[in-house]
Amino acid sequence: MPDELRLFLKERFGVQGPLSPGRFEAELAKRLGSPARRAPLLKAWRAYLAQGGREAVRSFYQEVLKVPKGEALVYGMHLPHLEFYAKALPPRVEGRVLEVGAFTGALVGFLQRKRPDLEWHALDGVEEAVALGKKRVPEVAWHLGWAEEVELPPFDTLLLLSVFPEGLVDQGLESRLAPEAFWKRFAFFERLPLFARLLRPGGLLVYGHGPFLGKSPEGVEEGLRRLGFDRVERVGEGEYFLVLARKPEVLAAVRLEEREAPPPEEAEEVAVALEEARALLEAGRYAEALALLPEEAEGEAAYLRGRALFALSRHAEAEEALRRALSEEAEDLRALALVELGEYERARGRLEALAVRGGRYRLALGRVYLAQGRYADALRQFVESGLPEADLYTRETLERITERMRRFAREGEWAEVSRRAEFVEDLSPRLLTREMLRLGLKAALIQGLFARAERYARRLADLDEAEGFLGLALAALRVKSPLELRGGEDLKAVEPYLTEALSRAEIPEALLLLGVLREREGRFREALHLLERAAFRGEGEVAGMAYHHLAQVKRVLRRPLKEVLGDHKRAHALRAYPAPYLFRLAQEALEGGEEVLARELLSRARDAGLEAVAEEDLTGLIHLLERLEGPWAAFSVLYQALSHTPQPPLELLALAYRISRAFRESPEAETAQGQYLAALYAVGRAEEVGRLLEEELKAHPQALEVLFDLAEHHEAQGDWRRAAEFWQKALEVALYREKDLALAREILRNLLFLRPHDESLALYLEELKAVGEGLKALGEEAPHLPEAPRDLLEEDLPRFHGEHLLVVGGHTQLRSRLVPFLEGRGLRVDWYDADTVGVGKEALRRILNRLEKAHGLMIVSSYVGHDLSEPVRLEAERLGVPVHVIPGRARGTTGFLRALKQFAPEVLKRALKGVE
């Protein structure tokens, strides 16, 4: 809440912070350097302090508003009380609310933001303040006038905050007044009814004295009760209080009567009794002093009675007596009584002001902070009090701080652990307990604060603690823990620390470090013993690292492979190995005949991610996967790796092709086969391609894709006869085995293109017609077949009118057969096939020059495709040229014609736009 209020005051009123009234003139001098400019305000300020009265108040506020951001000075002097009002008022006010003396509306504006459901009004007698308030806080209804005179309809809540005593206070007034003195000094019973007439019967009156002298919360409470107000209650304590009360139907008439002075004899008797009571208190005879003082005593007698009761530990009675004393000394002692009663919040404000006196006030304030959970503040007060009786509370506070350090350590908040250890050390190094030193040492090491860690470790070592010697070793090595060892550390230099630590307790970290040292020295039997104890006693990653070094030592000592790998498994379970390391362990296990263990280690490597293994040794990984998990697992990893490799080596493609033969009908296997054959073509090993395809056909004589590949292969080699044979075999498989009429029709079209004068092909056309008629007889749809074979070639292919088509890919035989045919259909064709165009900047430049004027681009995407297809496609998309990619195999000439028939509308549309 205070932060929210301060932000509001800063944004709207320019208030930067609290301002002591004693600093008013100095602050004014900083804002108005010229003495002549600040003279009128200084004159009004001194009159405001000295003579008081309505005109002095009006003059001061008029002058202060003439200063740039002058209202910020007023609010700065009232800021602590404004913060108290802003916290206490919102939940208590109700209905239509009027603030009397609102000045420019800072408080009422903030309250309106907190309770927008209420109706808010502001009243002030300074015309300039009201005018400015309407601009600053327009959401509040403003009224001009003095509360004692103004005529307004009654409100539900009346706020008299820091306004009732204003103008009636001088610098010589006491800070606190007795009720009778308060009523007389501020004409309470004469003036309050004038304010209260603005409040409806049953309405809520809220009185706050503010920063002025002459406070008397008891006088306000008693005065309101005498006037007939009910439900009178006080909120707050000390300097900061509010008195709330409900207005009766009719205010009672109260006349303040002067008390008669006691006779001289009686006054002398009281003075003697007080003097005797003081002497008894000084002598420590508290019960006798208490007997001399009446129970209903007030003033100094009440103070002395409170001292006696406090000394006798009758704190509740002492607090009541001191409250009636109405003196600063009594309030000081009353704060101590409130602490004894557990009323910590009520005592805190007064004790914070008294803490500069030290001694018992700091001790009491420390107890308040301890009860409120402010352990750091409490510890500081106890230490600075310098009292022996503070030791008990100091130990309790240190235990509470240690508990918080433990909690932060469990949560991994090591910076918080370190901050608390450093705070205690700054107060006094002797306050650091053993557990604080241990936690602080661990926090310092984790944060890399090695100088601090060495300091804590040395303290622990002086206390003969094993953790201290281990900490000295780690601080000397400049490592946060043994887990950070990289192999270059001088462990021999810290061996004395490690042996000292182990002579006191078997700490896993010390055992691990000494074991690693013995391993580096070649003293493997000793290392084995130390590492076994470290692994047994350690937890988490420390035990994992111990098992790792234990496995290395056992390997050197030629222990059974199963035992070595078992330790590696335990190490991985506690401190995960990277995937390449697990892969090498799996290879080692397989070579050693431990196939079950190899499978388990490979599974752990897969969980860690095989991508890193594939980057280091892809071939070894594939062979291991093939042996342990079968060809599909190996192929999946290899296929994924190849998909991320722009130009995979031929050896990997051959490996993928070999493994994929176990599931040759899958799409992935076909892709792998295509990539491998394309790579063979690229390096000029066409004969090997033919042999592979022949072997594939022997294994699967009815495989259409293999027949297509063989036919296109022989076409590319110029062997028309062999190509036609394979196309004919494919036609028979499609027609008689697959019963795929559309595919058979396409293959027949390809055969007719190759052998247009072969009369035997007409038999296939007739057979297709007969099958179509049979389908119609069965009530099914069948595609229409032309009468002549030539008509089948040109079926559904549109006529062109000079459109420009660019083709990339395919082989020379495909281009040589199709270009004349397409040009005969009215299409201009530029065809760059894979056999006649080399890869290079010049070839790419020629293609791109033609691309700018093309109406369409077709890419034959097969294993005989062109290497420049991707950059050409990207450029075509940039230029807006339509692109059509023939996926998979072209299936000869008819496959290309089928694709052209689908692409023709895009070519024609581009040409109609007038692109040349």
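Just so you know, these numbers come straight off a predicted model, no measurement behind them.

Criteria and thresholds
Residues numbered from 1 in each chain as written. Predicted model: local features only at pLDDT ≥ 70, side-chain atom pairs only at ≥ 80, totals over all residues. Heavy atoms only, no water. Helix = DSSP H or I, 4+ residues; strand = E, 2+ residues; numbered from the N terminus. Rg over C-alpha atoms; globule rule 2.2 N^0.38 Å. Buried < 20%, exposed > 50% of the residue type's maximum accessible area, 1.4 Å probe, protein only. Contact = heavy atoms within 4.5 Å. Areas by Shrake-Rupley, 256 points an atom, 1.4 Å probe, with all protein chains shown as cover. Lys, Arg positive; Asp, Glu negative; His and termini not counted. Charge placed at Lys NZ, Arg CZ, Asp CG, Glu CD. Salt bridge = Lys/Arg side-chain N within 4 Å of Asp/Glu carboxyl O. Core = buried A, V, L, I, M, F, W, Y, C linked by side-chain atoms within 4.5 Å. Pairing = 2+ DSSP bridges. Axes fitted to C-alpha atoms, helices over the stretch in contact; angles between N-to-C directions. Phe/Tyr/Trp six-rings, centres within 6.5 Å; stacked < 30°, edge-to-face > 60°. Lys NZ or Arg CZ within 6 Å of the ring centre and 35° of its normal.

Mind showing me how you'd approach the overall build of the protein chain here?
Secondary structure assignment for the protein chain yields 44 helices and eleven strands. Rg of the C-alpha trace for the protein chain: 50 Å, well past the compact-globule value of 29 Å for 916 residues, more than 25% over. Expressed as lengths along the three principal axes of its C-alpha atoms, the size of the protein chain is roughly 155 × 85 × 65 Å. The proportion of buried residues among the 916 residues of the protein chain is 51%. Expressed as a percentage of contacts within the protein chain between residues at least 6 apart in sequence, the contacts between residues at least 24 apart total 63%. For the protein chain, the accessible surface area stands at approximately 43500 Å², while carbon and sulfur atoms represent 50% of it. Seen as two clouds, the 131 positive and the 150 negative side-chain charges of the protein chain have centres 2 Å apart.

When you look at the pattern of salt bridges in this model, what are you seeing that I'm missing?
Pairing between side chains of opposite charge can happen when the charged atoms of each approach one another. Tallied over the entire structure, the rule returns 72 salt bridges. In this structure, a network of salt bridges that share partners links the residues Lys492, Glu495, Arg518, Glu521, Arg523 and Glu526.

Would you mind going over the nonpolar core with me for this structure?
General note: in soluble globular proteins, nonpolar side chains tend to be found buried as a group. Leu351, Val424 and Leu621 are the most contacted members of the largest nonpolar core, which totals 173 residues. The element best represented in this core is helix 37 (residues 720-737), accounting for nine residues. Excluding residues that lie within four positions of it along the chain, leucine 351 makes contacts with Ala335, Leu336, Val339, Tyr361, Ala364, Leu365 and Val368. With 91 residues, the next largest nonpolar core counts Phe13, Leu32, Tyr85 and Leu111 among its residues.

Is there a simple way to think about the sheet that holds strand 7 (residues 240-246) in this case?
By definition, the strands of a sheet pair up through backbone hydrogen bonds, in either a parallel or an antiparallel sense. Pairing is mixed in the open sheet, where seven strands are placed in the order 3-2-1-4-5-7-6. Because the sheet does not close on itself, it has two edges, and the strands there are strand 3 (141-144) and strand 6 (230-237). The average angle at which neighbouring strand axes cross in this sheet is 20 degrees, direction not considered. Note that strand 2 (residues 119-124) and strand 3 share four bridges and pair parallel. Paired with aspartate 124 across the strands is leucine 144, a residue of strand 3. Its contacts with the sheet place helix 10 (residues 217-226) against strand 5 (199-208), strand 6 and strand 7, and it is angled at close to 170 degrees to strand 6.

Can you walk me through the packing of aromatic side chains in this structure?
Each aromatic ring pair is characterised by the separation of its centres together with the angle its planes make. Following the criterion strictly, the structure yields 18 aromatic pairs and no others. Here the aromatic rings of tyrosine 61 and phenylalanine 103 are separated by 5.0 Å at their centres, their planes lie at 45 degrees, and the arrangement is tilted. In this pair, tyrosine 61 sits in helix 4 (residues 54-64) while phenylalanine 103 sits in the loop between strand 1 (96-100) and helix 6 (106-114), placing the two residues 42 residues apart along the sequence. We classify tyrosine 61 as buried; its relative accessible area is 9%. Judged by relative accessible area, which is 6%, phenylalanine 103 ranks as buried. Ring centres 4.7 Å apart and planes at 55 degrees place the aromatic pair tyrosine 577 and tyrosine 581 in the tilted group. Clustering of aromatic rings is evident, with ring pairs tying together Phe164, Phe182, Trp183, Phe186, Phe188, Phe189, Phe195 and Tyr207. We note arginine 191 situated over the ring of phenylalanine 164; from NZ or CZ to the ring centre the distance is 4.2 Å.

Without other data, these values stay purely geometric and don't point to any function.
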